[in-house]
Every structure is written in C-alpha cells, then in structure tokens.
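Observations on the three-dimensional arrangement
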Amino acid sequence: MPDTDKTRAAKPFLTDVKTLRERARRHLESGDVMPSYMGDAGKTIEILQSVLATEIVCVLRYTMHSIAATGISSEGVKAEFAQHAKEEREHVGAVAERINQLGGRPNFNPEGLLSRSASEYAEGENLVDMIRENLIAERIAVDHYRELVRYFGDDDPATRVMIEGILVVEEEHANDMHDLLVAHEGRPMLKR
Ligand SMILES: [Fe+2]
Ligand SMILES: [Fe+2]
C-alpha cells in the first residue's frame, strides 16, 4: 500500500518515525534501558529471577536424573530426561537475557536458589519416583507460567511472548512425563 497521508491518518496509534527517532535519542542520553516499558520493570525483574531459579532447578534435576536413572527400560527414559535438561537450559538462557535487557542482573547464585524457585529439587528413589517428581515440577511450572502470561498481558508483550514460548514446552514436558508414568506404572498417578 502506498504511504499516503490517507493511510497514515487511518492508523493514528502509530507514532511517526521522526518522533520515534527523537524519543530514542533523548532516552539514550538519559540512560534509560527500556524507556517505553509499560510495566513495572523492577517487579518484572523480580518475577523473572524466580522463573530463572525455577528453570535452573529444572536443569539440575533433569540432568541428575538423566545420569542416575537405572533399571529395566531406563535408557529411553534417560534420553528423554537429557532432552528435557537441554530444553530447560534454553529457557535459562532466554529468561536471563530478558532480565539483562530490562536492566537487571540475572541471579545465578546457588545460595538461595531453591527458595527463589517455584519448583523443588527432588531426586526420587527410583525411575518411577523420578518421573513422578518431574511431572509434579512441570505442573507447578505450567500453573505458574499461565498466571504470568495473564499478569504481563499487554503491559509487557515481549516478556509475555517469551513466557508463552516456554509454557508450550513445559506443557509438552508434563505430557511426556505423564505418558512415561502411565507406561511404567500402567496408570496415571496424578489426575490432570
Ligand atoms: Fe523450562
Ligand atoms: Fe520443563
């Protein structure tokens, strides 16, 4: 569509390029990291530090399980745990990047990690226990992230979209763990 006065007038919510450039230049001089940010950046960083801790705990738990799982038919399960550990590491990276973009410092300090995390670090005594603990942790993450998607809404679409992307993967993880539990126990241990 040609960029005529008529088409510009039809979209009054779009700021013109000149104003955008001036604003960006002004904010750069003032040192603001994310000047057009609609939410409470401090609160968002605090929430994301908790998400980061949750994801780090997930990496640790799945990594430990991928190595320590034993027993008949544990090989396929170990591979699944290892795959999940890899995906949780990607989440760690994405969340840490977002904290950094918002002007925060991603908290990787092992001290207090568990108290910042929504899910627990449970080792599990045997293969079925491990699967069950992972399923519980995934369901906690899914519930938590669904709330966060609603919380960020239109105030912070970039953070919301990131959390939505992670949420899709956590739902797959929960589903995988549920299916493994059914395969190894013959019945689901937790109602959906
Ligand atoms: Fe994750
Ligand atoms: Fe997960």
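Before reading on, note that the structure itself is shown above.
Just so we're clear, the structure is a prediction, and the values are computed from it rather than from any experiment.

What counts and what doesn't
Residues numbered from 1 in each chain as written. Chains lettered and ligands numbered in written order. Predicted model: local features only at pLDDT ≥ 70, side-chain atom pairs only at ≥ 80, totals over all residues. Heavy atoms only, no water. Helix = DSSP H or I, 4+ residues; strand = E, 2+ residues; numbered from the N terminus. Buried < 20%, exposed > 50% of the residue type's maximum accessible area, 1.4 Å probe, protein only. Contact = heavy atoms within 4.5 Å. Donors = N, O, S within 2.8 Å, 3.2 Å for Na, K, Ca; no water. Axes fitted to C-alpha atoms, helices over the stretch in contact; angles between N-to-C directions. Parallel < 35°, antiparallel > 145°, perpendicular 65-115°, else oblique. Left-handed = near helix turned anticlockwise from the far one by under 90°. Nonpolar A, V, L, I, M, F, W, Y, C, P; charged D, E, K, R; others polar.

1. Section: the overall build of the protein chain
- For the protein chain, the count of helices and strands is seven helices and zero strands.
- If you list the helices and strands of the protein chain from N to C, you get α-α-α-α-α-α-α.
- When each of the 192 residues of the protein chain is scored for burial, the buried share is 38%.
- For the protein chain, contacts bridging at least 24 residues in sequence account for 77% of all contacts bridging at least 6.

2. Examining the coordination of the iron ion (ligand 1)
- Donor atoms from the polypeptide that bind the iron ion (ligand 1) are Glu55 (OE), Glu55 (OE), Glu88 (OE), His91 (ND1) and Glu170 (OE), placed at 1.9 to 2.7 Å.
- Positions of the donor residues of the iron ion (ligand 1) along the chain correspond to the pattern E-x32-E-x2-H-x78-E.
- Here the iron ion (ligand 2) and the iron ion (ligand 1) are spaced 3.9 Å from one another, each receiving a donor from Glu88. Here Glu55, found in helix α3 (residues 41–68), pairs with His91, found in helix α4 (residues 74–101); they are 36 residues apart in sequence, far enough to count as distant.
- Under the relative-accessibility criterion, His91 is labelled buried at 7%.

3. Details of the coordination of the iron ion (ligand 2)
- Protein-derived ligands of the iron ion (ligand 2) are Glu88 (OE), Glu138 (OE), Glu138 (OE), Glu170 (OE) and His173 (ND1), with the metal-ligand distances lying across 2.0 to 2.4 Å.
- As a motif over one chain, the donors of the iron ion (ligand 2) read E-x49-E-x31-E-x2-H.

4. Describing the packing of α3 against helix α6 (residues 127–152)
- Where α3 contacts α6, the axes come no closer than 11 Å and their chain directions differ by 160°. The angle between α3 and α6 places the two elements in the roughly antiparallel class. Two packed elements cross with a definite hand, and for α3 against α6 that hand is left-handed. Side by side, α3 and α6 meet where Lys43, Thr44, Ile47, Ser50, Val51, Thr54, Glu55, Arg61, Tyr62, His65 and Ala68 of the first sit next to Met130, Asn134, Ala137, Glu138, His144, Tyr145, Leu148, Tyr151 and Phe152 of the second.
- Among the residues forming the contact of α3 with α6, the class breakdown is 10 nonpolar, six polar and four charged.

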